[in-house]
Amino acid sequence: MMISSAMNAKLNEQISAEFTAAFSYLAMACVFDGMGLKVLRGRFIQQSDEEREHAMKIIRYLSEVGGSVALEGIAKPKTDYKNVEAVVSAALQNEKDITAKINELVSLAEKEKDYATRGFLAWFVDEQVEEISSMTDLLNLVRLAGGNVLQVEAAVRHQMLAEKEKS
Ligand code: FEO
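Residues numbered from 1 in each chain as written. Predicted model: local features only at pLDDT ≥ 70, side-chain atom pairs only at ≥ 80, totals over all residues. Heavy atoms only, no water.

**Student:** Explain the overall build of the protein chain to me, and be specific about the residues and the numbers.
**Tutor:** Of regular secondary structure, the protein chain possesses five helices and zero strands. Overall, the protein chain shows an N-to-C arrangement of helices and strands of α-α-α-α-α. A total of 167 residues make up the protein chain; the buried ones form 40% of that total. Accessible surface computed for the protein chain: about 9100 Å², of which carbon and sulfur atoms make up 55%. A distance of 3 Å separates the average location of the 19 positive side-chain charges in the protein chain from that of its 25 negative side-chain charges. (Helix = DSSP H or I, 4+ residues; strand = E, 2+ residues; numbered from the N terminus. Buried < 20%, exposed > 50% of the residue type's maximum accessible area, 1.4 Å probe, protein only. Areas by Shrake-Rupley, 256 points an atom, 1.4 Å probe, with all protein chains shown as cover. Lys, Arg positive; Asp, Glu negative; His and termini not counted. Charge placed at Lys NZ, Arg CZ, Asp CG, Glu CD.)

Quick look at the structure:
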């Protein structure tokens, strides 16, 4: 195995955190669906898919370095949000928590002089900057709209179309 047991265990924790985030965002998408907000539903399904892909990246890395994957159970996600702002605030907090975990992994890699894992984690460091930024933008948008959820839906639809055109 090219990584330490401690790093292997921490990467397994990160796999759980990413799958938990995927499950939470899927639950949030369903909450939006229940509110009749189809664009936010789509935005959060997309987010959920990305989190699953983050977990898969770590699973593939563990396979490459001869580590072992240990999947954990995923807790029941919260669904009793009082409004759109509460959902997006929780999502932003979740991204901050995930960033803290990625930073802990980077610290461990540096402490262990595990430069392979440090290099692998660089993508996640950049991704977290992007995710916190986009979730902060969404929260600001929701707050600016001041309860006009249809305005939020229109703005998010516009953003998603623009991103699709870029890719
Ligand atoms: Fe995988 Fe949104 O962090």
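**Student:** An account of helix H1 (residues 5-34) is requested, with residue identities and associated values reported.
**Tutor:** Its 30 residues place the ends of H1 44 Å apart at the C-alpha level, agreeing with the 44 Å of an ideal helix rising 1.5 Å per residue. Downstream of H1 by one or two residues, Gly 36 has phi in the positive range, about 80°. (Expected span 1.5 Å × (residues − 1).)

**Student:** Can you break down helix H5 (residues 149-166) residue by residue, with the values?
**Tutor:** Here H5 spans 26 Å end to end across 18 residues, near enough to the 26 Å set by a 1.5 Å rise per residue. When we look at burial in H5, the residues that qualify are Val 152, Glu 153 and Val 156. The buried residues of H5 all sit within an arc of 100° when viewed along its axis, so they share a single face. Seen from the open side of H5, the exposed residues pointing more than 90 degrees away from its buried face are Leu 150, His 158, Glu 165 and Lys 166. Among the structural elements, helix H2 (38-64) and helix H4 (115-145) are those in contact with the buried residues of H5. (Arc of directions from axis to C-beta. Contact = heavy atoms within 4.5 Å.)

**Student:** Explain the side chain of Asn 12 residue by residue, including any values.
**Tutor:** Looking at the element boundaries, Asn 12 is found in helix H1. Of note is the side chain of Asn 12, whose polar atom sits 3.0 Å from the backbone oxygen of Ser 68. Ignoring sequence-local partners within four residues, the contact set of Asn 12 consists of Leu 62, Ser 68, Val 69 and Ala 70. (Polar contact = N/O pair within 3.5 Å; in protein donor to acceptor, adjacent residues only side chain to side chain.)

**Student:** Describe the packing of H2 against helix H3 (residues 84-111), and please don't skip the residues or the numbers.
**Tutor:** Interhelical geometry of H2 versus H3 gives an angle of 15° and a closest axis separation of 13 Å. Taken together, the axes of H2 and H3 lie roughly parallel to each other. Crossing of H2 against H3: the hand is left-handed. Here H2 contributes Leu 40, Phe 44, Gln 47 and Glu 51 to the contact with H3, which in turn contributes Val 84, Val 88, Ala 91, Glu 95 and Ile 98. Broken down by class, the residue content of the contact of H2 with H3 amounts to six nonpolar, one polar and two charged. (Axes fitted to C-alpha atoms, helices over the stretch in contact; angles between N-to-C directions. Parallel < 35°, antiparallel > 145°, perpendicular 65-115°, else oblique. Left-handed = near helix turned anticlockwise from the far one by under 90°. Nonpolar A, V, L, I, M, F, W, Y, C, P; charged D, E, K, R; others polar.)

**Student:** Can you break down the side chain of Glu 51 residue by residue, with the values?
**Tutor:** When you line up the elements, Glu 51 lands in helix H2. The charged side chain of Glu 51 is buried without a salt bridge, its nearest counter-charge being Arg 43 at 8.4 Å. Discounting chain neighbours no more than four positions away, the residues touching Glu 51 are Glu 18, Ala 21, Ala 22, Tyr 25, Glu 95, Ile 98 and Glu 131. (Salt bridge = Lys/Arg side-chain N within 4 Å of Asp/Glu carboxyl O.)

**Student:** An account of the nonpolar core is requested, with residue identities and associated values reported.
**Tutor:** Grouped together as the largest cluster of nonpolar side chains are 43 residues, with contacts concentrated most on Leu 11, Phe 32, Leu 40, Phe 44, Val 88, Met 135 and Leu 138. Put simply, the parts of the chain that give this core at least two residues each are H1, H2, H3, H4 and H5. In terms of residues, this core owes the most to one element, H3, which gives 11 residues. Leave out the neighbours within four places in its chain, and Val 88 touches Phe 32, Phe 44, Met 135, Leu 138, Leu 139 and Val 142. (Core = buried A, V, L, I, M, F, W, Y, C linked by side-chain atoms within 4.5 Å.)

These results come straight from atomic positions and should not be treated as a statement about function.
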